[in-house]
Amino acid sequence: MALDNQKINQLLQSFRANPYRIFVVVTPHTGYLREFLVKEGDEVKGPAGKWLEKPGSPLFVLERERNPKTIRAKASGQVAKINWELQGRFVEAFTPVLEIKHTLTQKEIIAELLRKILHIVTAPEKARYFLSPELAQKIEKAGEGRVVVKPGDELAIMSFMKRETPIVHEGPPMVVFRVFFARGQMVDQGEPLFGLCLEEERPYVEKLIARVKEEWPT
Amino acid sequence: MAHLKGLVANFTKAYHRALADLKEKEPPLIFGLPKDEVFRRGEIIASDLQVYPELERTTALLRRQIAEDLSFKEGTTVVALRLTGAKGRLGRAWFAPPGGLWFSLALYDDFGPETRAWLPLLIGCALAEGVRFFGVPAKVKWVNDLLVAGKKLAGVLTEQEVCRGERWSLVGIGLNVNNPLPPDLPAISLREILGHPLSLPEVFGRVAACLVKYYGIFRAAEVRYLVGERLPFKRIFSLFSDTPGRTVVFGQDLQREAGEVAQVLEIDEKGRLVLEKKGVRFFFSGGEILYLD
């Protein structure tokens, strides 16, 4: 995707118009939906704490074989739409129950924008990932967003089932703008590993991030 | 770089001699598996043998051959007398001067999920049996490092390659035979242990013959596992490894992180370490360990 000032304005405009994300809360399994614990307009909180050990706000009670289970919010926001007709009824697994309208934070907006504008290298398998030693050394020296990788350069090492697989860069020379994993982190298949951009696009990406920081204070 | 025909002949002859000797000495049943079947299944190893005076990495050459050659042969084995860009785990540099045995082999990876993790461990067992033939009492440190008196004699790096939708396991092996060793590394060579140099083709022949045996065991046992029989791998590994019972530091990358200390209780049926720390038992399936005792 070619990035220029016009494209930047379009992207920012789309987030200004809709700085929300809607999370649809579904039933995790079958059961009777006994009771709603929120009403439309209520503010709810997602899990918190260093290890997300503090559970989210209670949303509704789902009962299976006389075992009532409180289903809690996995994201913070405002309860937007509740399917009241489900109250007291038997529901299948994955039935949409309510929606949470989540206001995106500055960090989340930047992450979403980067996903849209960067060339994302995703994890081919669920495995542990390590930055290749050469790239790690270059990034340490020059900093993230300053290192250019050429076709055939090793980006990362995937380690799984006592085997290692090099992840090699393909395509034109690109700047490693973001590394989305920590050393040795277990990454799910399809999750982003790297965000790359063309050298000439880098100033625009930096400008875009600067403008988000200006417009959406933390 | 062209591979050396004369050298190939030496390596091939030594390999066939060692294989014939091993076949003759083995009992009719190897870990409960018929000897003929074991060797028949394993004999794809070194079926195409290439020897080069110098390469950057033998595994990189196999990778290129898999990509370029539609009729690439399983078991292709590439030996180099010297490597200029050898790598160990997590891209660590590996010193591979002339005198050592540096080779890689390509195995078609259609292994079952229950057996896949065992292949690198059995490669270590094959190496141990190979060097024990020369009178060297090597032990396998989980996953597959070969140690003698706490010093590293050989290392194995198994890499994966997916090409045209087909998965390959590329096994890179480095064995210190007659080569000099950097003074600051806890490494040892066969020459240092035995006090005299060994013929490189002879060492290769013996190690390759043992790889045939253990790869054959791996394949034959895998087939029987599908019909409900038990895998013999845990028993095999216990014959060569001194890891169970040791106090170890474990972690993903012990050169960059401090790791944690635990006691190794055993190796489980999936090839994982069963560790115990402060009365809590847990599994450790990937990463590395260092012996503390």
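Predicted, not measured: the structure shown is a model, and the values here were computed from it. (Residues numbered from 1 in each chain as written. Chains lettered and ligands numbered in written order. Predicted model: local features only at pLDDT ≥ 70, side-chain atom pairs only at ≥ 80, totals over all residues. Heavy atoms only, no water.)

## A short note on the overall build of chain B
Next up, step 1: Tallying secondary structure elements over chain B gives seven helices and 14 strands in all.
Next up, step 2: What you see for chain B is a C-alpha radius of gyration of 18 Å, in line with the 19 Å of a compact globule of 293 residues.
Next up, step 3: For chain B, the residues scored as buried account for 57% of the 293 residues in total.
Next up, step 4: Of all intrachain contacts in chain B linking residues separated by at least 6 positions in sequence, the fraction that spans at least 24 positions is 67%.
Next up, step 5: With an accessible surface of roughly 12500 Å², chain B has 55% of that area assigned to carbon and sulfur atoms. (Helix = DSSP H or I, 4+ residues; strand = E, 2+ residues; numbered from the N terminus. Rg over C-alpha atoms; globule rule 2.2 N^0.38 Å. Buried < 20%, exposed > 50% of the residue type's maximum accessible area, 1.4 Å probe, protein only. Contact = heavy atoms within 4.5 Å. Areas by Shrake-Rupley, 256 points an atom, 1.4 Å probe, with all protein chains shown as cover.)

## Quick notes on the domain arrangement of chain A
Next up, step 1: Under the domain assignment used here, chain A contains domain 1 (20-103) and domain 2 (107-215).
Next up, step 2: One C-alpha centre belongs to domain 1 of chain A, the other to domain 2 of chain A; they are set 35 Å apart. (Domains from an automatic or database assignment.)

## Let's talk about the sheet that holds strand β8 (residues 96-103) of chain A
Residue and element names in this part refer to chain A.
Next up, step 1: With antiparallel pairing, four strands are arranged side by side in an open sheet as β1-β8-β6-β3. A single partner strand is all that each edge strand has here, and the edge strands are β1 (20-26) and β3 (43-44).
Next up, step 2: For strand β6 (residues 77-82) and β8, the ladder comprises four bridges, and the chain directions are antiparallel. In the sheet register, Q78 faces β8, and the bridge partner there is K101. (Pairing = 2+ DSSP bridges.)

## Observations concerning the interface of chain A and chain B
Next up, step 1: Facing 16 residues of chain A, the contacting portion of chain B comprises 28 residues.
Next up, step 2: With both chains or domains summed, chain A and chain B bury close to 1800 Å², and 48% of this area falls on carbon and sulfur atoms.
Next up, step 3: For chain A, the biggest contributors to the area lost against chain B are A:K162, A:R163 and A:E164; these three give 44% of the whole.
Next up, step 4: Among the salt bridges present, the one from B:D109 reaches A:R163, with a minimum N-O distance of 3.8 Å. (Buried area = accessible area lost by both parts, 1.4 Å probe. Salt bridge = Lys/Arg side-chain N within 4 Å of Asp/Glu carboxyl O.)

## Describing the domain arrangement of chain B
Residue and element names in this part refer to chain B.
Next up, step 1: Entries for chain B in the domain assignment read domain 1 (5-237) and domain 2 (243-291).
Next up, step 2: Inter-centroid distance (C-alpha atoms) of domain 1 to domain 2 is 25 Å.
Next up, step 3: Between domain 1 and domain 2, the contact holds 15 residues from the first and 20 residues from the second.
Next up, step 4: Summed over both sides, the interface of domain 1 with domain 2 buries roughly 1400 Å², with 49% coming from carbon and sulfur.

## Some remarks on the nonpolar core
Next up, step 1: Core analysis: the largest hydrophobic core is formed by 79 residues, its most contacted members being B:L101, B:L153 and B:L175.
Next up, step 2: It is helix α6 (residues 200-225) of chain B that provides the largest number of residues to this core, a total of 15 residues.
Next up, step 3: Counting only domains with at least three residues in this core, you end up with domain 1 (5-237) and domain 2 (243-291) of chain B.
Next up, step 4: Setting aside its immediate chain neighbours within four residues, B:L175 contacts B:G100, B:L101, B:W102, B:V131, B:L153, B:A154, B:L190, B:V203 and B:V207.
Next up, step 5: By size, the runner-up hydrophobic cluster in this structure holds 22 residues, among which are A:Y129, A:I139, A:M174 and A:F181. (Core = buried A, V, L, I, M, F, W, Y, C linked by side-chain atoms within 4.5 Å.)

## Thoughts on the packing of aromatic side chains
Next up, step 1: Taken as a whole, this structure holds 19 aromatic pairs over all chains when the rule is applied.
Next up, step 2: Centre to centre, the rings of B:Y215 and B:F218 are 6.2 Å apart; their planes meet at 20°, and the pair counts as stacked. Of this pair, B:Y215 and B:F218 both sit in helix α6, three residues apart, roughly one helical turn. Accessibility classification places B:Y215 together with B:F218 in one group, the buried group.
Next up, step 3: Lying over the aromatic face of A:Y20, A:K101 brings its terminal NZ or CZ to 4.2 Å of the ring centre.
Next up, step 4: Cation over ring: B:R272 sits above B:F283, and NZ or CZ is 3.7 Å from the ring centre. (Phe/Tyr/Trp six-rings, centres within 6.5 Å; stacked < 30°, edge-to-face > 60°. Lys NZ or Arg CZ within 6 Å of the ring centre and 35° of its normal.)

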